[in-house]
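Structural overview
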2 protein chains.
Amino acid sequence: MKTIDAIMNRHSYRGKYRNEKIPREDLLLIGEAGLAAPSGCNKQTTSLIIVDDQEILKKLHQVIIPHIGESAPAMICVLTRRIYAYRDRCFAVQDYAAAIENMLLAIVELGYQSCWIEGHITDTDRIGEKMAQILQVPENYELVAFLPIGVALEEISSPEKLSSSQRMWFNGFDHCEF
Amino acid sequence: MKTIDAIMNRHSYRGKYRNEKIPREDLLLIGEAGLAAPSGCNKQTTSLIIVDDQEILKKLHQVIIPHIGESAPAMICVLTRRIYAYRDRCFAVQDYAAAIENMLLAIVELGYQSCWIEGHITDTDRIGEKMAQILQVPENYELVAFLPIGVALEEISSPEKLSSSQRMWFNGFDHCEF
């Protein structure tokens, strides 16, 4: 699949997944895509835990309430270290966001679906911390997001978006020269 | 180009660019790739200003000190609105980072090079604000990054990175089952 097609075909999938094991080589390729993302001052603040052990997945989903992505045969948990790139500047959020976007595109290219789940697990009920405990993540890493991965069982839909001319201009704010 | 290849071939390019105009259709496709990125609660906090007017480019580069990407025939300026997605949660950084990563991949697919320039213009000397003034960006938008775009004149190099086994594991932190 061409890059542009993967970008345009990526949508957040919140439906059920087929009960089909994902080959390790696909999971590794998706992870490698994540690690290939740029990072501020090359600090490589993002790390990944790929989960395809069904017992561990079950334990994780016991703390992810309300449930989401529960039927996916695998997930990738995204860890960050909020360290300074230089002085007091930290680009950890930019770093993991770029890594997540790369992984979402690789997931689409390989014929799977996913959804960027972050707010749900980093809210006041601290689900991400509970997931991190299950995965024995040390305290200097933070589990900030996860991506369920699997073949979609339901229809894929895309949300309504603003038109391009409301968000993109040439040579000045709100200039339209398309 | 396949998505995975674009992901693996994307590197931050800090060299000089060829003096070759970039077709508007390529610039638009790159911008569309950025706008197609997901955003927290679909708030679409990211907007773009594509600059290919040589006079305006010159004005912008007069405030970008030290100079970077000066020889590129075009740039895309990335704007954000730091609004709440829900309650007090704001995902504006994640949103624009995903948009930037999409654009960097589209840039590579189309045969161009670029570099994510953010820290340089959002530091204490507030270069981003000066650029925003030149582009008449209103106060509720913030200019947080820019991407020079052009055909590379120099060799493309990639930084040294940690090995995958230092950043990616299966089913638990630091578990290696590759």
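Residues numbered from 1 in each chain as written. Chains lettered and ligands numbered in written order. Predicted model: local features only at pLDDT ≥ 70, side-chain atom pairs only at ≥ 80, totals over all residues. Heavy atoms only, no water.

**A few points about the sheet that holds strand 4 (residues 168–170) of chain A**
How we decide: Two strands qualify as a pair provided that DSSP identifies no fewer than 2 bridges between them. In DSSP terms, a helix is any run of H or I states spanning at least four residues, a strand is any run of E spanning at least two, and both are numbered starting from the N terminus. Only the stretch in contact is used when a helix axis is fitted, and all axes are lines through C-alpha atoms; the angle between N-to-C directions ranges over 0 to 180 degrees. The criterion used for residue contact is that any of the two residues' heavy atoms lie within 4.5 Å.
The strand order 4(A)-1(B)-2(B)-3(B) describes an open sheet built from 4 strands, whose pairing is mixed. Each edge of the open sheet carries a strand with a single partner, namely strand 4 of chain A together with strand 3 (142–149) of chain B. Across the sheet, the axes of successive neighbouring strands diverge by a mean angle of 20 degrees, strand direction being ignored. Bridge analysis of strand 1 (residues 46–51) of chain B against strand 2 (residues 74–80) of chain B gives 6 bridges, and the strand direction is antiparallel. Across the sheet, the residue bridging to Ile49 of chain B is Cys77 of chain B, located in strand 2 of chain B. Strands strand 1, strand 2 and strand 3 of chain B of the sheet are contacted by helix 4 (residues 92–109) of chain B, whose axis makes an angle of about 10 degrees with strand 3 of chain B.

**What to know about the relation of the copies chain B and chain A**
Formally: A least-squares superposition brings the copies together, and it is based on the C-alpha atoms of residues with pLDDT no lower than 70 in both.
Screw-axis analysis of chain B against chain A gives a translation of 0.0 Å along the axis, an RMSD of 0.0 Å, and a rotation angle of 180 degrees. Taken together, the rotation and translation relating the two chain copies correspond to the operation of a two-fold axis. Counting the interface residues of chain B, we find that 100% of their copies in chain A are interface residues as well, pointing to one common contact surface.

**Details of the packing of aromatic side chains**
Where two aromatic rings form a pair, the distance of their centres and the angle of their planes describe that pair. Applied cut-off: Only Phe, Tyr and Trp rings are paired, with Trp represented by its six-membered ring, and only when their centres lie within 6.5 Å; those with planes under 30 degrees apart are stacked, over 60 edge-to-face, the remainder tilted. Each residue's exposure class comes from its accessible area (1.4 Å probe, protein chains only) as a fraction of the maximum for that residue type: buried when under 20%, exposed when over 50%, partly exposed otherwise. Put simply, a charge is over a ring when the Lys NZ or the Arg CZ is close to the ring centre, within 6 Å, and near the line of the ring normal, within 35 degrees.
Enumeration according to the criterion identifies 8 aromatic pairs over all chains in this entry. Here the aromatic rings of Tyr141 of chain A and Phe173 of chain B are separated by 4.8 Å at their centres, their planes lie at 70 degrees, and the arrangement is edge-to-face. Taken together, the residues Tyr141 of chain A in the loop between helix 5 (127–134) and strand 3 (142–149) and Phe173 of chain B in the segment after strand 4 (168–170) connect one chain to another. A relative accessible area of 17% places Tyr141 of chain A in the buried class. Consider the rings of Trp169 of chain A and Phe173 of chain A, whose centres lie 4.5 Å apart with planes at 50 degrees: the pair is tilted. Given the relative accessible area of 2%, Trp169 of chain A is considered buried. Here Arg24 of chain A stacks its cationic end above the ring of Phe170 of chain B, 3.6 Å away from the centre of that ring.

**Here's the deal with the interface of chain B and chain A**
Quick note on the threshold: Accessible area, probed at 1.4 Å, shrinks when two parts are joined; the buried area is that loss added up over both. In what follows, salt bridge is the name for a side-chain nitrogen of Lys or Arg lying within 4 Å of a carboxyl oxygen of Asp or Glu. Each polar contact in these results corresponds to two N or O atoms within 3.5 Å; when the atoms are within protein, one needs to be able to donate a hydrogen and the other to accept it, and residues that are neighboring in sequence are counted only if both atoms are side-chain atoms. Amino acid classes used here: Ala, Val, Leu, Ile, Met, Phe, Trp, Tyr, Cys and Pro are nonpolar; Asp, Glu, Lys and Arg are charged; the rest, including Gly, are polar.
Contacts between the two partners involve 73 residues from chain B and, on the opposite side, 73 residues from chain A. Summing both sides of the interface, chain B and chain A together bury roughly 6,400 Å²; the carbon and sulfur share of this comes to 57%. Interface area lost by chain B to chain A is led by Arg167, Asn171 and Phe173 of chain B, which between them contribute 12%. In this structure, the salt-bridge partner of Arg87 of chain B is Asp123 of chain A, at a minimum N-O distance of 2.5 Å. Our count for the contact surface shared by chain B and chain A stands at 50 residue pairs in polar contact (both at pLDDT 80 or more). The set of elements that each furnish at least two residues to the side of chain B that touches chain A consists of helix 1 (3–9), helix 2 (24–35), strand 1, helix 4 and strand 4 of chain B. Per-element accounting of the side of chain B that touches chain A gives the leading share, 11 residues, to helix 4 of chain B. Its residues assigned to classes, the side of chain B that touches chain A comprises 40 nonpolar, 17 polar and 16 charged. Direction of pairing for strand 1 (residues 46–51) of chain A relative to strand 4 of chain B: parallel, over a ladder of 3 bridges. Within the sheet, the bridge partner assigned to Ile50 of chain A lies in strand 4 of chain B and is Phe170 of chain B.

**A word on the nonpolar core**
Generally speaking, a soluble globular protein has its nonpolar side chains buried in company with each other. Rules: Residues belong to a common nonpolar core when they are buried Ala, Val, Leu, Ile, Met, Phe, Trp, Tyr or Cys residues joined through side-chain atoms within 4.5 Å.
Ranked by internal contacts, the top residues of the largest apolar core, which has 70 residues, are Ile100 of chain A together with Ile100 of chain B. Not counting residues within four places of it along the chain, the set of residues in contact with Ile100 of chain A comprises Val78, Trp116, Ala145 and Leu147 of chain A. Residues Val63, Met75, Met131 and Phe146 of chain A belong to the second largest nonpolar core, which totals 24 residues.

**Details of the pattern of salt bridges**
Residues and elements named next belong to chain A. The full count for this structure, using the stated rule, is 12 salt bridges over all chains. For the salt bridge of Arg126 with Glu129, the shortest nitrogen-to-oxygen distance reads 2.6 Å. Taking the relative accessible area as the measure of exposure, Arg126 reaches 49% and is therefore partly exposed.

**Some thoughts on helix 2 of chain B**
Using the following cut-off: Expected helix span is taken as 1.5 Å per residue step, with the number of steps being one fewer than the number of residues.
In this model helix 2 of chain B runs 16 Å from its N-terminal to its C-terminal C-alpha over 12 residues, within 8% of the 16 Å that 1.5 Å per residue would give. Check the buried side of helix 2 of chain B and you find it contacts helix 1 (3–9) and strand 4 of chain A together with strand 1, strand 2, helix 4 and strand 3 of chain B.

**Side note on the layout of surface pockets**
Short version of the rule: In this analysis a 1.4 Å probe is tested at points of a 1 Å grid over the protein atoms alone, and where it fits but cannot get out there is a cavity; an open set with protein on both sides within 12 Å along at least five of seven lines is a pocket; lining residues have an atom within 4 Å of a point. Grid points are joined across faces, edges and corners, and a volume is the space filled by probe spheres set on the points.
Put simply, the largest pocket is a space of about 800 Å³. Every residue lining the largest pocket is counted, 36 residues in all, and those nearest its centre are Pro38, Ser39 and Asn42 of chain A together with Ser12 and Arg14 of chain B. Mapped onto the lining of the largest pocket, the elements with two or more residues apiece are helix 2 (24–35) and helix 4 (92–109) of chain A together with helix 1 of chain B. In terms of residue class, the lining of the largest pocket is built from 16 nonpolar, 12 polar and 8 charged. Here the second largest pocket is characterised by a volume of approximately 610 Å³. For the lining of the second largest pocket, the secondary-structure elements that each account for two or more residues are helix 1 of chain A together with helix 4 of chain B. Split into classes, the residues belonging to the lining of the second largest pocket amount to 12 nonpolar, 9 polar and 5 charged.

Nothing here speaks to function; it is all geometry.
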